[in-house]
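So you can see what is in the structure, the chains are spelled out below.
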Amino acid sequence: DMKVTQMPRYLIKRMGENVLLECGQDMSHETMYWYRQDPGLGLQLIYISYDVDSNSEGDIPKGYRVSRKKREHFSLILDSAKTNQTSVYFCASKDRGKNTEVFFGKGTRLTVV
Amino acid sequence: GEQVEQLPSSLIVQEGASVLINCSYTDSASVYFPWYKQEPGKRLQFIIDIRSNMERKQTQRLTLLFDKKTKHLSLHITATQPGDSAIYFCSATNTGGLSGKLTFGEGTQVTVIS
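Residues numbered from 1 in each chain as written. Chains lettered and ligands numbered in written order. Predicted model: local features only at pLDDT ≥ 70, side-chain atom pairs only at ≥ 80, totals over all residues. Heavy atoms only, no water.

Regarding the overall build of chain A
Moving on, step 1. Tallying secondary structure elements over chain A gives 0 helices and 11 strands in all.
Moving on, step 2. When the helices and strands of chain A are placed in sequence order, the string is β-β-β-β-β-β-β-β-β-β-β.
Moving on, step 3. For a compact globule of 113 residues, the expected C-alpha radius of gyration is about 13 Å, and chain A comes in at 13 Å, within 12% of that figure.
Moving on, step 4. Taken along the three principal axes of its C-alpha coordinates, chain A extends 40 × 30 × 25 Å.
Moving on, step 5. Evaluated residue by residue, chain A yields a buried proportion of 50% over its 113 residues.
Moving on, step 6. Taking as baseline every contact in chain A between residues at least 6 positions apart, the subset at least 24 positions apart corresponds to 53%. (Helix = DSSP H or I, 4+ residues; strand = E, 2+ residues; numbered from the N terminus. Rg over C-alpha atoms; globule rule 2.2 N^0.38 Å. Buried < 20%, exposed > 50% of the residue type's maximum accessible area, 1.4 Å probe, protein only. Contact = heavy atoms within 4.5 Å.)

The structure is reproduced here in structure tokens:
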């Protein structure tokens with residue numbers, strides 16, 4: 001069963017705390033993504049990973065970092081969370097081949113207070 | 001970089017009627033355009049795609065038109081049902097090496113009323 005799993009689904013953190021969002025996929029996809037979704041802005045790309053330890057900044061990487069030590073797992077880290085990082089975060093994955101479907105996780109709703 | 005714009009941002013339609021969502025992009029290097037549907041509180045789901053060497057693609061109640069010259073796409077949904085209520089996203093990606101960056105539009109909120 002092709003699946004992208006995100007943990008946790010909901011998270012409340014205080015400003016200044018560190019945040020770890022986890023994502024796993026069972027399809028051995030090389031490419032993985034982290035997006036954030038805000039009302040009226042659609043999905044904005046934070047980071048893209050092409051494989052283990054091969055990560056590139058997306059359009060809005062400031063305030064975020066990522067880690068990919070295994071092909072199946074891609075983590076998003078917020079060091080010292082800010083209130084403007086309150087958002088819904090989506091992880092996604094795709095096969096390396098061009099023009100193939102991207103599979104999304106169910107999202108993590110992060111609230112920074 | 002690529003920018004994708006969708007219009008309208010929201011619409012309400014009577015069940016059984018048709019819906020038209022417009023999408024435009026800026027980067028002529030974009031060659032693949034998948035569309036996604038997001039029902040409330042759920043993950044994005046792929047619904048239809050088109051490549052830049054095509055002008056039209058149809059699947060069940062969805063028809064996707066593509067105009068390479070004007071960099072414009074339009075998604076037509078016919079015979080709408082309450083289950084079609086969702087946010088619809090247009091996206092664009094280019095080819096070239098390992099680049100798999102997918103740029104999304106802002107989304108169109110479709111509400112189907114009975």
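Quick look at the nonpolar core
Moving on, step 1. Counting residues in each nonpolar core, the largest one holds 23 residues, and the members touching the most others are Trp35(B), Leu73(B) and Leu75(B).
Moving on, step 2. Looking at this core, the elements that each hand over two or more residues are strand S2 (10-14), strand S3 (19-25), strand S4 (30-38), strand S5 (45-51), strand S7 (62-67), strand S8 (72-77), strand S9 (86-94) and strand S11 (108-113) of chain B.
Moving on, step 3. When sequence neighbours within four positions are dropped, the list of residues in contact with Trp35(B) reads Gln6(B), Ile21(B), Cys23(B), Gln45(B), Phe46(B), Ile47(B), Ile48(B), Leu64(B), Leu73(B), Leu75(B), Phe89(B) and Cys90(B).
Moving on, step 4. Core analysis: the second largest hydrophobic core is formed by 21 residues, Val19(A), Trp34(A), Cys91(A) and Val112(A) among them. (Core = buried A, V, L, I, M, F, W, Y, C linked by side-chain atoms within 4.5 Å.)

A short note on the packing of aromatic side chains
Moving on, step 1. Throughout the structure, instances matching the rule amount to 13 aromatic pairs over all chains.
Moving on, step 2. Seen from their ring centres, Tyr25(B) and Phe66(B) are 6.2 Å apart, and the 15 degrees between their planes marks the pair as stacked. Taken together, the positions of Tyr25(B) in strand S3 and Phe66(B) in strand S7 put the pair 41 residues apart, joining distant regions of the chain. For the pair Tyr25(B) and Phe66(B), a shared accessibility class is recorded, and that class is buried.
Moving on, step 3. Their ring planes at 75 degrees and their centres at 6.1 Å tell us that Tyr36(B) and Phe46(B) sit as a pair that is edge-to-face. A residue pair is termed long-range when its members are at least 10 positions apart, and Tyr36(B) in strand S4 and Phe46(B) in strand S5 qualify at 10 residues.
Moving on, step 4. One aromatic cluster in this structure is built from Tyr33(A), Tyr35(A), Phe104(A), Tyr36(B), Phe46(B), Phe89(B) and Phe104(B). (Phe/Tyr/Trp six-rings, centres within 6.5 Å; stacked < 30°, edge-to-face > 60°.)

A closer look at the interface of chain A and chain B
Moving on, step 1. Contacts between chain A and chain B engage 24 residues on the former and 20 residues on the latter.
Moving on, step 2. Roughly 1900 Å² of surface becomes buried between chain A and chain B when both sides are summed, with 53% attributable to carbon and sulfur atoms.
Moving on, step 3. Applying the counting rule to chain A against chain B returns 1 salt bridge.
Moving on, step 4. In this structure, the salt-bridge partner of Lys101(B) is Asp59(A), at a minimum N-O distance of 2.5 Å.
Moving on, step 5. Summed over the shared surface of chain A and chain B, the result is 6 residue pairs in polar contact (both at pLDDT 80 or more).
Moving on, step 6. Put simply, the parts of the chain that give the side of chain A that touches chain B at least two residues each are strand S4 (31-38), strand S5 (42-51) and strand S9 (87-94) of chain A. (Buried area = accessible area lost by both parts, 1.4 Å probe. Salt bridge = Lys/Arg side-chain N within 4 Å of Asp/Glu carboxyl O. Polar contact = N/O pair within 3.5 Å; in protein donor to acceptor, adjacent residues only side chain to side chain.)

Focus: the state of the cysteines
Moving on, step 1. In total, this model carries 2 disulfides over all chains according to the counting rule given.
Moving on, step 2. Paired by a disulfide, Cys23(A) and Cys91(A) hold their sulfur atoms 1.9 Å apart. Classification of the bridge connecting Cys23(A) and Cys91(A) rests on its S-S torsion, roughly -75 degrees, and on that basis the disulfide is left-handed. Taken together, the positions of Cys23(A) in strand S3 (residues 19-25) and Cys91(A) in strand S9 put the pair 68 residues apart, joining distant regions of the chain.
Moving on, step 3. Linked covalently through their sulfurs, Cys23(B) and Cys90(B) form a disulfide whose S-S length is 2.0 Å. One quick way to see it: the torsion about the S-S bond of Cys23(B) and Cys90(B) is about -65 degrees, and its sign makes the bridge left-handed. Residue Cys23(B) is located in strand S3, and its partner Cys90(B) is located in strand S9; the two are separated by 67 residues in the primary sequence. For the pair formed by Cys23(B) and Cys90(B), the shared burial category is buried. (Disulfide = S-S within 2.5 Å.)

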